[in-house]
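# Geometric and topological summary
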Amino acid sequence: MDVEFVGQLVDSMNDAVLQLEQAIVDKKKDEINRLRVFIFDMHNQIANVLGVKNA
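Everything in this summary refers to the structure shown in the same document. Since the model is a prediction, treat every value here as computed from it, not as a measurement.

## Looking at the overall build of the chain
- The number of helices and strands found in the chain is 2 helices and 0 strands.
- Here the C-alpha coordinates of the chain stretch approximately 40 × 20 × 10 Å along the principal axes.
- Residues classed as buried in the chain amount to 20% of the 55 residues present.
- Looking at the chain alone, contacts between residues at least 24 apart form 50% of all its contacts between residues at least 6 apart.
- Taken as a whole, the chain presents about 4,300 Å² of accessible surface, with 55% of it coming from carbon and sulfur.

## Focus: the packing of helix α1 (residues 3–26) against helix α2 (residues 29–50)
- Where α1 meets α2, the closest approach of the two axes is 9 Å, and the angle between their N-to-C directions is 160 degrees. Put simply, α1 runs roughly antiparallel to α2. As for how α1 packs across α2, the hand of that crossing is left-handed.
- In the contact of α1 with α2, the residues fall into 18 nonpolar, 4 polar and 3 charged.

## Notes on the pattern of salt bridges
- Within this structure, the stated rule accounts for 1 salt bridge.
- Its salt-bridge partner being R34, residue E31 comes within 3.9 Å of it at the nearest N-O pair. In this pair, E31 and R34 are both assigned in helix α2, 3 residues apart and thus about one turn of the helix distant.
- Residue E31 is classed as partly exposed on the basis of its relative accessible area of 27%.
- According to the relative accessible area criterion, R34 is partly exposed, its value standing at 48%.

## Quick notes on the nonpolar core
- Counting residues in each nonpolar core, the largest one holds 6 residues, listed as A16, L20, A23, I32, L35 and I39.
- Mapped by element, the contributors of at least two residues to this core are α1 and α2.
- Aside from chain neighbours lying at most four places away, what touches I39 is M13, A16, V17 and L20.

Rules used in this analysis
Residues numbered from 1 in each chain as written. Predicted model: local features only at pLDDT ≥ 70, side-chain atom pairs only at ≥ 80, totals over all residues. Heavy atoms only, no water. Helix = DSSP H or I, 4+ residues; strand = E, 2+ residues; numbered from the N terminus. Buried < 20%, exposed > 50% of the residue type's maximum accessible area, 1.4 Å probe, protein only. Contact = heavy atoms within 4.5 Å. Areas by Shrake-Rupley, 256 points an atom, 1.4 Å probe, with all protein chains shown as cover. Axes fitted to C-alpha atoms, helices over the stretch in contact; angles between N-to-C directions. Parallel < 35°, antiparallel > 145°, perpendicular 65-115°, else oblique. Left-handed = near helix turned anticlockwise from the far one by under 90°. Nonpolar A, V, L, I, M, F, W, Y, C, P; charged D, E, K, R; others polar. Salt bridge = Lys/Arg side-chain N within 4 Å of Asp/Glu carboxyl O. Core = buried A, V, L, I, M, F, W, Y, C linked by side-chain atoms within 4.5 Å.

Structural measurements only, silent on function.
Right, here's the structure in full:
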């Protein structure tokens with residue numbers, strides 16, 4: 001497992017969550033949807049790297 005890569009994925013997901021929180025405050029629906037998809041993708045990538053099944 002590439003710990004540095006997983007760290008980068010986690011950092012990217014964290015940044016996206018912060019951006020999502022701001023998009024919700026600003027009521028930017030398109031950005032909210034884009035960030036939700038991105039966060040879900042990051043979650044899946046992290047699960048795959050960690051070898052988690054059906055995450």
